[in-house]
Amino acid sequence: MSWRACPPPRANAAEKTRRCGPGSRAQRRGRLRAGGRSIPRRRLLATAARAGSAVVRATARRGHPRGPSPGRARDRGAMAAAGLRPEAGSPQWAPAEREPAGAAAGPGDGEDAPVRPLCKPRGICSRAYFLVLMVLVHLYLGNVLALLLFVHYSDGDDGGHPAPPRRAPGPQPAPTPAPLARLEGIKVGHEQKVQLVADRDHFIRTLSLKPLLFEVPGFLRDEECRLIIHLAQMKGLQRSQILPTEEYEEALGTMQVSQLDLFRLLDQNRDGRLQLREVLAQTRLGNGRWMTPENIQEMYSAIKADPDGDGVLSLQEFSDMDLRDFHKYMRRHKAESSELVRNSHHTWLYQGEGAHQVMRAIRQRVLRLTRLPAEIVELSEPMQVVRYGEGGHYHAHVDSGPVYPETICSHTKLVANESVPFETSCRYMTVLFYLNNVTGGGETVFPVADNRTYDEMSLIQDDVDLRDTRRHCDKGNLRVRPQQGTAVFWYNYLPDGQGWVGDVDDYSLHGGCLVTRGTKWIANNWINVDPSRARQALFQQEMARLAREGGADSQPEWALDRAYRDARVEL
């Protein structure tokens, strides 16, 4: 495209002056100012033409098939400013058509004319800049990846020195056991329906509120009762015993109790005199012989402890007595079975994994009845099966003893890591099953059930000892007659107000009345809970660890019971 700087010569003078005179638009276009110096337009065009020819020749020599590079594109811009244009279909560049001589001539031909710049300034997105940037990015990413791999596979070596061994994680603190469930008695005679098995309902009847005692008729089927008796006979029963004399003496020897302190312990009314009933009240730590007033007076006479024979010991008389003479008398005097605290035979039946399916089913039924956590019920004592022959009895007692600083629970002593002289059975609940109907006697008596108050000394008055189930069972407040399949259960501890075990419930005193005719079979499921919540939690944690490591044989002493899991009874 060409353009005329000024109108043709035949235009009028005024128009020519307006368009081509000093300060006109054409004059401004024809001048390029550079640092205050004007460059003639013709000289600029000639210079651009020579530069364009050199670029064209260089491009032709390279034979570039796709045209000039970005650098040559800038030269192309310069040639375009010089009036050059590319030929169609060819990478070569040719000069643009020249304007006719007449058209280029005019008054303003010799003056400076403005032109466009030959090239644009180099930008930051050039090829060289892009290549350098990519190299730097790849180096950075490579260093980061190498650092991550080093950290991942490094074994902690520092200068060839082995890293310190990692400390093994310590034992996790035992979780706090859940609160213990406790049924509400409401009132004596109250009944509540529960479903302990899938095919029938059971009714729980409240027998007393002190202790909290319930009865569940038909808890066991008749065939289940006979199976338990059969398994016990196959296992073999042994005579029931209380603390032997030798163990009792050894335990007393470990206690740092003076004879004066022992007197003060026995003197409950603090009158400075020991009456017969005060001595009788402490016979629970005896050697298995049931003490009567006649027995105590006979012993006083044998060891010459009561010179005046009134049956009462003063502090001086007690201090003069040698306790070793008392132990010698007890060892020398062999008691008859009727004189024992307990006259029965018993054995233990395993109820854990691998036991007979009926034994497992009964344990699950007890779990639903008591509503206690499964880990507490499963870690409790096995089932005890007891046989009372004719003349059998069990004097009144409590199933669980108080835990003092000198005692510890039998089931948690292995994890307690404590050394104490005495241990006691910490039984939160007792579930007792009657396995047969007794022909004569054999009731379970609760001598002080629902009394307004409890006083241990009031149990013995006027030569009547309410704890004596051979002679005074009929004087107890509550008696439960044995009926096959019936279960009775009660709580041996009072609540502590925080969902755990409190003090021993003294009203839970109970005993087995004398069997006057026939045989009595019962079974006991005791639910063991340590009054120390932390110790119980530690015990459960340790038992869980042993179960994981030892499997089904973690209690090999009960393997004999597992051998009977497929036993059948002729019904």
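As shown above, the structure is provided for reference.
This write-up is about the structure you can find in this document.

## Describing the overall build of the chain
On a plain count of helices and strands, the chain comes out with 18 helices and 28 strands. Of all 571 residues assigned to the chain, the portion counted as buried reaches 40%. Considering only contacts in the chain between residues 6 or more positions apart, those separated by 24 or more positions represent 75%. Accessible surface, the chain as shown: approximately 33400 Å² in total, 53% of it carbon and sulfur.

## As for the environment of Ser240
As for its position among the elements, Ser240 is in the loop between strand 8 (238–239) and helix 8 (245–254). On the basis of relative accessible area, Ser240 is assigned to the buried category, the value being 2%. C-alpha of Ser240 to C-alpha of Gly288: the two residues are 48 residues apart in sequence and 9.9 Å apart in space. Sequence-distant contacts of Ser240, that is, excluding residues within four places in its chain, are made with Arg342, Ser344, His345 and His346.

## What to know about the state of the cysteines
Linking two cysteines covalently through their sulfur atoms gives a disulfide. A complete count under the given rule lists two disulfides for this structure. Between Cys409 and Cys426 runs a disulfide, and the two sulfur atoms are separated by 1.9 Å. Measuring the twist about the S-S bond at about -85 degrees, one finds the Cys409-Cys426 disulfide to be left-handed. Of this pair, Cys409 sits in strand 15 (residues 407–409) while Cys426 is found in the loop between strand 16 (422–424) and strand 17 (427–434), placing the two residues 17 residues apart along the sequence. By relative accessible area, which is 1% here, Cys426 ends up buried.

## Some words on a nonpolar patch on the surface
There is a patch of nonpolar side chains on the surface, built from Tyr129, Leu133, Val137, Tyr140, Leu141, Val144 and Leu148 and spanning about 670 Å² of accessible area. Examined against the element boundaries, Leu148 turns out to sit in helix 6 (residues 127–153). Given the relative accessible area of 55%, Leu148 is considered exposed.

## A closer look at unusual backbone geometry
With an omega of 5 degrees, the peptide bond between Lys210 and Pro211 qualifies as cis. With respect to the helices and strands, Pro211 occurs in the loop between strand 6 (202–208) and strand 7 (213–216). With a phi close to 65 degrees, Ile186 is a non-glycine residue in the positive phi region. With respect to the element layout, Ile186 can be found in the loop between helix 6 and strand 5 (191–194). Although it is not a glycine, Arg270 sits at a positive phi angle of roughly 55 degrees. Residue position: Arg270 is located in the loop between helix 9 (259–266) and strand 9 (273–274).

## Description of the packing of helix 7 (residues 222–235) against helix 14 (residues 357–370)
Where helix 7 meets helix 14, the axes come as close as 11 Å, and the angle between the chain directions of the two elements is 120 degrees. Here helix 7 lies oblique to helix 14, going by the angle between them. Of the two possible hands of crossing, helix 7 and helix 14 adopt the one that is left-handed. Residues Glu224, Leu227, Ile228 and Leu231 of helix 7 lie in contact with helix 14, whose contacting residues are Val358, Met359, Ile362 and Arg365. Grouping the constituent residues of the contact of helix 7 with helix 14 by class yields six nonpolar, no polar and two charged.

## A few points about the sheet that holds strand 5
Spatial ordering of the open sheet is given by 5-6-7-23-17-28-13-12-8, a layout of nine strands whose pairing is antiparallel. Edge strands, defined here as strands with exactly one partner in the open sheet, are strand 5 and strand 8. Examined bridge by bridge, strand 7 and strand 23 (residues 487–491) share four bridges and lie antiparallel to one another. Across the sheet, residue Glu215 finds its bridge partner in strand 23, namely Val488. Packed onto the sheet, helix 7 meets strand 12 (345–349), strand 13 (383–388), strand 17 and strand 28 (520–528) and runs at close to 100 degrees relative to strand 12. Where helix 14 meets the sheet, its contacts fall on strand 6, strand 7, strand 12, strand 13, strand 17, strand 23 and strand 28, and the angle it forms with strand 17 comes to roughly 125 degrees.

## Considering the sheet that holds strand 14 (residues 393–397)
With antiparallel pairing, the five strands of this open sheet are ordered in space as 11-14-26-19-22. Edge positions in the sheet fall to strand 11 (342–343) and strand 22 (478–480), since each has one partner strand and no second. Bridge analysis of strand 11 against strand 14 gives two bridges, and the strand direction is antiparallel. Within strand 14, the residue paired with Asn343 across the bridge is His393.

## Notes on the pattern of salt bridges
Inspection of every chain in the model, using the stated rule, returns 17 salt bridges. We note a salt bridge from Lys193 to Asp201, for which the minimum N-O separation is 4.0 Å. Residue Lys413 pairs with Glu423 through a salt bridge whose shortest N-O separation is 2.9 Å. With Lys413 in helix 16 (residues 413–416) and Glu423 in strand 16, the pair connects residues that are 10 residues apart, well separated along the chain. Looking at Lys413, the relative accessible area reads 35%, which means it is partly exposed. The exposure class of Glu423 is partly exposed, given its relative accessible area of 43%.

About the criteria used
- Residues numbered from 1 in each chain as written.
- Predicted model: local features only at pLDDT ≥ 70, side-chain atom pairs only at ≥ 80, totals over all residues.
- Heavy atoms only, no water.
- Helix = DSSP H or I, 4+ residues; strand = E, 2+ residues; numbered from the N terminus.
- Buried < 20%, exposed > 50% of the residue type's maximum accessible area, 1.4 Å probe, protein only.
- Contact = heavy atoms within 4.5 Å.
- Areas by Shrake-Rupley, 256 points an atom, 1.4 Å probe, with all protein chains shown as cover.
- Disulfide = S-S within 2.5 Å.
- Patch = residues over 30% accessible without salt bridge, like charges linked within 9 Å, V, L, I, M, F, W, Y side chains within 5 Å.
- Salt bridge = Lys/Arg side-chain N within 4 Å of Asp/Glu carboxyl O.
- Axes fitted to C-alpha atoms, helices over the stretch in contact; angles between N-to-C directions.
- Parallel < 35°, antiparallel > 145°, perpendicular 65-115°, else oblique.
- Left-handed = near helix turned anticlockwise from the far one by under 90°.
- Nonpolar A, V, L, I, M, F, W, Y, C, P; charged D, E, K, R; others polar.
- Pairing = 2+ DSSP bridges.

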